Amino acid sequence: MSDLPLVWLPFDPDHLRADGGPLPDTLRYEVVDPREHVPDSVGEVRFYVTPYSVGSEVAEVLPRMGSLEVVQVLSAGVDNMRGRVPDGVTLCNGRGIHDTSTAELTLTLILASLRGVPQFVRQQDAGVWERPWRPALADKRVLLVGYGAIGQAIEERLLAFETEVVPVARTARQGAHGPVRSFEELPELLPHADVVVLIVPLTEQTRGLVDADFLARMRPGALLVNVARGGVVDTDALVAALQAERVTAALDVVEPEPLPAGHPLWSAPGVLIVPHVGGVSSAMWPRAHRLVAAQVRRYAAGEPLANVMAGEY
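Reading the values: the criteria
The residue count restarts for each chain, going from 1 along the sequence in the order it is written. Whole-chain, interface and lining totals are the exception, using all residues; otherwise, since this is a predicted model, local features are given only for residues with pLDDT of at least 70 and side-chain atom pairs are given and counted only at 80 or more. Only hydrogens and water are removed before side-chain values are computed, so all heavy atoms of the structure are retained for them. Any two strands are treated as partners once DSSP identifies two or more bridges connecting them. In this description a helix means any DSSP run of H or I spanning at least four residues, a strand means any run of E spanning at least two, and both kinds are numbered starting from the N terminus. To get an axis, a line is fitted to the C-alpha atoms, and for a helix only the part in contact is used. The angle between two axes follows their N-to-C directions and goes from 0 to 180 degrees. Two residues qualify as a contact provided that any one of their heavy atoms is within 4.5 Å of a heavy atom in the partner residue.

**Structural notes on the sheet that holds strand β10 (residues 195-198)**
- Strand order across the open sheet formed by 8 strands is β8-β9-β7-β6-β10-β11-β12-β13, with mixed pairing between neighbours. With one partner strand each, in any of the chains shown, β8 (173-175) and β13 (271-273) form the two edges of the open sheet. For this sheet, the mean angle separating the axes of adjacent strands, direction not counted, is 25°.
- Relative to β10, strand β6 (residues 141-145) runs parallel, the two being bridged by 4 bridges. Across the sheet, the residue bridging to Leu143 is Val196, located in β10.
- Helix-sheet contacts for helix α2 (residues 99-115) involve β10, β11 (223-226), β12 (248-251) and β13, and the interaxial angle to β11 is about 150°.

**Focus on the sheet that holds strand β1 (residues 6-9)**
- Here 5 strands make up an open sheet; going across it, the order is β2-β1-β3-β4-β5 and the pairing parallel. Each edge of the open sheet carries a strand with a single partner, namely β2 (28-31) and β5 (90-92). Across the sheet, the axes of successive neighbouring strands diverge by a mean angle of 20°, strand direction being ignored.
- When strand β3 (residues 45-49) meets strand β4 (residues 70-72), the two strands line up parallel, connected through 3 bridges. Of the residues in β4, the one forming a bridge with Tyr48 is Val71.

So, in structure tokens, the structure goes:
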């Protein structure tokens, strides 16, 4: 046992050294995935960098960490940690890690849905040549529900496609490109949007935000894109709206997840489903390594950490 504070990492520390020079020698490091094995050093951990996971299993080791001071997750959302982090322990999220990757996937889902790419793939499989008329993203009004770092990254990319972006957040304010509207204004905004993108954290306030009333207020034929969390949408209400062909949808996240075989969402008309891959790309790890390296250096120097989650997360 060493007197140096212990840091648990989910990857080789060499990845951190490569992104900014040597790591502080006032800390010691172990590579641990507690979902697979929990070493005897668990009680000595001061700084816990969780494996990349949106499941609550990464939090199951927390009660055994009697020396814990900091939990650094690699996801933007922290709903998997809600109610699990002990009092007095600092929780930091992965803000900045997934902005690029998730924004790319959001544009991919929108473009693929509007331009009919899934239909073309099926036609290719069948050896069929048809040329349907499809809507473009250009000139569309996109309602961006959630305006954190990822939401702003999505906005920057949408603007390049000659769209009108209307960002919405918990409170109204001025954004980088104009006013940000408040959640209270959603009922009057929804009927005028061609595309509605969800990128809010999952909290008690946002769970079930997209219910039957929300969907009924959307413009007929509008596209709902969920890159937030599955629980933000009432799945039964969405299935009903899809089956009635009132809306279309492109979903990176669903509830339940993974979506079981035979679930009616799989076969609903007008839906594109991908298996929660918003952050899973080559863009993730370099950004994760840079963030964790910077956080470890701040911790060793006694400096304030970045991305600290406050209150109820």
